[in-house]
Amino acid sequence: MRTVVCIKQVLQLGDEVEFTDDGLDVDPEYLDPALNEWDSFATEEALQLRERLGGEVVVVTCGPKQSEAALRRCLAMGADRAIRVEGAGRDPFSVARALAGVVRGESADLVLCGVQSSDAVQAATGTALAELLDLPRAAVITRLDYSGAGTAVVDRELEGGLIDRVEVETPAVLTIQTGINEPRYANLRAIKQAEQVEIDVRSAAGGGTPAYRIRKMFVPERGEGAEMIDGSPAEIAARIASIVKERLA
Amino acid sequence: MARDPKHDILFEPIQIGPKVMKNRFYQVPHCNGFGSEKPFSQAYFRALKAEGGFAGVATEYCSISPESDDTHRMSARIWDDGDIKNLSLMCDMLHERDALAACELWYGGPHAPNMESRCVARGPSQIPSDFEFLTYAIEADKDDIRYLQNLYVEAAKRARTAGFDIVYVYGSHSYLPQQFLTPFYNHRTDEYGGSFENRARFWRETIEMVKEAVGDDCAICVRMSTDMFLGEAGTQLKRDCLPFVELVDHLVDVWDINLSGIAEWGEDATPSRFYPQGRALPWQAAVKAISKKPVLGVGRWTNPDMMAEAINEGKLDIIATCRPSTSDPFLPKKIDEGRLDDIRECIGCNVCISRWEIGGPPLICTQNATAGEEYRRGWHPERFTKAANADNDVLVVGSGPAGMECAMVLGKRGMRRVHLVEAQDDMGGTMRWIPELPGLGEWARIVNYRKIQLDKLKNVEFIPNMKLSAKDVAEYGAEIVIVATGSYWSTDGLNGASHATIDGADASLAWQATPDQIMGEGKELAGDSVVVFDNDGYYTGVSMAEKLAMEGKKVTLMTPLGTVGPYMHFTLEAPNQHRRLHKLGVEIVPYHLPSRVEEGMVVATHIYDEDGHEKSFAADGVVWVAQRRSNEALFRELKDSIGLEQLKAEGVDALYRIGDCEAPRLTADAVFSGHRLAREIDSADPSIPLPFKRERRMVDAESVTREKAEYEAMYAGASS
């Protein structure tokens, strides 16, 4: 049983933001790197599968040397091996192509991704990866029932709190929703041990059309029409109530 | 980040008599326990506020004569050249930081106990103090009045020599000039008593004389209480204060307007339990409306929007802070830089004030562990040196106030990795439920401030929902382990009055409970009546009684102490807390200790009854606020069962404990304990606090020779 988890080191915005001189990106000074929240749930799910069924958990990411911190986070949680692919673009297609190159060589029983990344919020990489690998895929998984071969039964989260329970032939690509489990914390000893693990670094094959090109990144102009409500708490509450009634009417 | 333009008004300069204040932030006179006799502690404490952006900083009340000696409490003194020298250090350090220095000239009249000087104060009438025991003043005749006024003049000149820019003629808090203005203190029938004009005469003349003496060089500030809440006998806003403003406005350069007398000065230094910030604004605005001079005033200001609003609406000119400037001396700078979430907001608990009320010890602050430590321990609230052992990883177990503070300071000191591990689902420990007690909502700032700071520290990770065993801790992978597991309320009645448990006390029974169980676990006691037993003496017992009474229970608050919540006298919460309990119909039974409890009944005896007559109190339930005990099981297991050697083999080089886990204490002291360990984590033995600088006179050969000679000379030729 081998599960490959595709993860991403996201870059989180703080309170302030400045852009690079070319206007195509956020100044890295204003970004904090972290393991994408969805991917920590995907990693935890893979670790729980391994605890039940045995086997191996392999984590893969596309990114520069700095992104190894996210891989080491997963290693500290308990992943067995980590692979980093260098030189791919940052758009979902380029990333999916680079990941597909690695995943093909791993003969995975399951490929887990997070539903989306918190910085780009495209929810596209997992789906593109399934297409490239020609594997079935199911998205927004909130429960996974798998015995190590054949079909997996998964719950997919739909709008309005509905759940869609489906069977998926494996191998398959599943994109994992937050809340499916409770990701474990790594203690300091595991973090230190993970620092010693050698990460398998590979180069992206290159080629292919990116999903998009960034033309400009900016903070949208502030809109007009906000109403500041002054007065006592009771007056403010009364005004809010009347606005709500007005809009609902 | 940049300042929000809506706060620009707070940074506009303002003219005060012959001086200019660079912005609108002013530290109003307040005590710190240093006076003139710990000049370095005094100067460093005040100068830090100037560094943090305060444009004007005052002394505490500064005695003008040995006749006004407030010992046991600690005031500043400007009696002689030595005091000038000592206070000039504060002035110099403020001036170096571009701030004005203010001196609050004080004469206590009947309130001054003169325990050190053994003098007798003079006052308007011979009625003993309503604040002190056994202190009477001489009823001043005309000569005494001239003498007193001259004391102000001479003290003002000394203040000018020391370098002060602003000189107060201080009346608030029922001190001498306002005693003359107030019928409660002034029963005179001569031209200094009776009519408004007569009652105002002493203060008016004194202001005139001080203005004449130093007014060209110093701004004259008058601090007046605009309502003493003493009914007709007290100072009244409309009857006394507004006419007084009109009478002397031309002599005054800035008004410092507040409320209350001294006996209930919690109406001025308002505990958050009873009042929100800005509570004195209506009175301050009333003075502002008729005065042509700038008006400053306190209000436990921490919210810059409210500060700006007070100025924009013409209610105040200058934002005066006392407690918020101690909780965060960098309040102005943080507003200026738009760093609002870095403001360490005062919680209005008044433990700072409690130290003054107790008499003597330096102030402490629940939010700011460095308050009072600026000089003696060299702690700066905003600056942290990288620890010499910063290449270590630290595990802090428990995220109550001590654990949070320790992890935060370790993070700021650049430790490689700090893991703050908590068994509950969020940070705070008991401070998660304490703010849910009646009136204590603002205390949540203790947790909120630290949570925000910890979140910003990239080397600190918070791990909730993880209860660690001793083995887990040993194998965690940290070189330094700090146990901060707090304390719990005793469940068996163990208490500091009898030093024994109480027969039948067992909080595991359905009809008995501890505050931890009620507030932390949601335990409910059945029935209509409850006895709350309190031998803690601070807020927990009375708060439990208040909460249960508000829920409709018939509450009996029983204590072996002579009064309930005696420490709340020091925090100025007592008077209004007594009013609350009385209004809620809580029956108070002092001097009683339960001898046994059984379902439906508490049996108690009067602690001074030598025959031990028992009295029964019917009650459906009992709440034990008896004493706290450290949660030390984890620490003991690590130290005793696993042992330091085995820990070393696992890579744990050091094991410490902090806060209530060591010994239960005030939250301020628990926070201090976490801060102290983190500040000294790279000392030779961090478990033992480093010595602090003590300002004391040192004996040397030269002084011994001189003192002996002076003594001998006194008796030269005297017969024995």
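Above this note sits the structure.
Counting of residues starts from 1 at the beginning of each chain's written sequence and follows it residue by residue. For naming, the first written chain is A and the first written ligand is 1, with later ones following in the order written. Local features are withheld for residues below a pLDDT of 70 in this predicted model, meaning they are given only at 70 or higher, and side-chain atom pairs are given and counted only at 80 or more; totals for whole chains, interfaces and linings count all residues.

1. As for the overall build of chain B
Turning to step 1, where the next piece is worked out: Check the secondary structure of chain B and you find 21 helices and 28 strands.
Turning to step 2, where the next piece is worked out: We compute the radius of gyration over the C-alpha atoms and compare it with the globule rule, which gives 2.2 Å times the number of residues raised to the power 0.38. In terms of overall dimensions, chain B is globule-like: its C-alpha atoms have a radius of gyration of 27 Å, near the 27 Å expected for 720 residues.
Turning to step 3, where the next piece is worked out: Based on the C-alpha atoms only, the size of chain B along its principal axes is roughly 75 × 75 × 65 Å.
Turning to step 4, where the next piece is worked out: Relative to its 720 residues, chain B shows a buried fraction of 54%.
Turning to step 5, where the next piece is worked out: Two residues qualify as a contact pair if the distance between their C-beta atoms, derived from the backbone, is within 7 Å. A separation threshold of at least 6 residues defines the contact pool for chain B, and within that pool the share at least 24 residues apart is 73%. Secondary structure elements follow DSSP: runs of H or I of four or more residues count as helices, runs of E of two or more count as strands, with numbering from the N terminus. Whether a residue is buried, exposed or partly exposed follows from its count of other C-beta atoms within 10 Å of its own C-beta, namely 20 or more, 12 or fewer, or something in between, respectively; the C-beta atoms are built from the backbone.

2. A closer look at the pairing of strand β1 (residues 2–7) of chain A
All names here are of chain A.
Turning to step 1, where the next piece is worked out: In terms of residue burial, β1 counts as a mostly covered element, since five of its six residues are buried.
Turning to step 2, where the next piece is worked out: Note on pairing: two strands pair once DSSP finds at least 2 bridges between them. Taken together, the six bridges between β1 and strand β4 (residues 56–62) define a ladder with parallel strand orientation. Looking across to β4, one finds that Val 5 is bridged to Val 59.

3. As for the sheet that holds strand β17 (residues 480–483) of chain B
Residues and elements named next belong to chain B.
Turning to step 1, where the next piece is worked out: Taking strand neighbours across the sheet as the criterion, the five strands line up as β16-β15-β14-β17-β28 in an open arrangement whose pairing is parallel. Looking at which strands have only one partner, the edges of the open sheet turn out to be β16 (460–463) and β28 (654–657). Between one strand axis and the next, the sheet turns through 15 degrees on average, direction left out of account.
Turning to step 2, where the next piece is worked out: Here strand β14 (residues 393–397) runs beside strand β15 (residues 417–421); their pairing, made up of five bridges, is parallel. In the sheet register, Val 396 faces β15, and the bridge partner there is Leu 420.
Turning to step 3, where the next piece is worked out: To obtain each axis, a line is fitted to C-alpha atoms, and for helices this fit is confined to the stretch in contact; angles are then taken between N-to-C directions over 0 to 180 degrees. Taken strand by strand, helix α19 (residues 633–649) contacts β14, β17 and β28, and its axis lies near 165 degrees from that of β28.

4. Section: the interface of chain B and chain A
Turning to step 1, where the next piece is worked out: The interface is formed by 12 residues belonging to chain B together with nine residues belonging to chain A.
Turning to step 2, where the next piece is worked out: Secondary-structure elements contributing two or more residues to the side of chain B that touches chain A are β14 and β15 of chain B.
Turning to step 3, where the next piece is worked out: Note that Gly is not counted as nonpolar here; it falls among the polar residues with everything else outside the nonpolar set of Ala, Val, Leu, Ile, Met, Phe, Trp, Tyr, Cys and Pro and the charged set of Asp, Glu, Lys and Arg. Counted by class, the side of chain B that touches chain A contains six nonpolar, two polar and four charged residues.

5. Brief notes about the nonpolar core
Turning to step 1, where the next piece is worked out: Leu99(A), Val111(A), Leu105(B), Val167(B), Cys406(B) and Ile482(B) are the most contacted members of the largest nonpolar core, which totals 227 residues.
Turning to step 2, where the next piece is worked out: Sequence-distant contacts of Cys406(B), defined by excluding residues within four places in its chain, comprise Val396(B), Ile482(B), Ala484(B), Ile658(B), Gly674(B), His675(B), Leu677(B) and Ala678(B).
Turning to step 3, where the next piece is worked out: For this entry, the nonpolar core is defined as buried Ala, Val, Leu, Ile, Met, Phe, Trp, Tyr and Cys residues connected by C-beta atoms within 7 Å. Of all hydrophobic cores here, the second largest spans 36 residues; its members include Val531(B), Ala549(B), Leu581(B) and Val623(B).

6. With respect to the sheet that holds strand β26 (residues 621–625) of chain B
Residue and element names in this part refer to chain B.
Turning to step 1, where the next piece is worked out: A sheet is described by the order of its strands in space; here five strands give the open sequence β19-β26-β20-β21-β22, paired in parallel fashion. The sheet is open, and its two borders are formed by β19 (512–513) and β22 (587–589), each paired with just one other strand.
Turning to step 2, where the next piece is worked out: Pairing between strand β21 (residues 554–558) and β22: three bridges, direction parallel. Bridging across to β22, Met 558 finds its partner in Val 589.

7. Concerning unusual backbone geometry
Turning to step 1, where the next piece is worked out: Cis geometry is adopted by the peptide bond preceding Pro171(A), which originates at Thr170(A) and carries an omega value of -5 degrees.
Turning to step 2, where the next piece is worked out: Inspection of the secondary structure assignment puts Pro171(A) in the loop between β9 (163–169) and β10 (172–176).
Turning to step 3, where the next piece is worked out: In this structure, the amide linkage connecting Thr71(B) to the following residue, His72(B), adopts the cis form with an omega of 20 degrees.
Turning to step 4, where the next piece is worked out: Inspection of the secondary structure assignment puts His72(B) in the loop between β4 (56–63) and β5 (76–77).

8. Quick look at the environment of Asp336(B)
All names here are of chain B.
Turning to step 1, where the next piece is worked out: Assignment of secondary structure puts Asp 336 in helix α10 (residues 331–336).
Turning to step 2, where the next piece is worked out: On the basis of neighbour count, Asp 336 is assigned to the buried category, with 21 C-beta atoms found within 10 Å.
Turning to step 3, where the next piece is worked out: Discounting residues that sit within four places of it in the chain, Asp 336 has contacts with Arg 3, Phe 11 and Gly 53.

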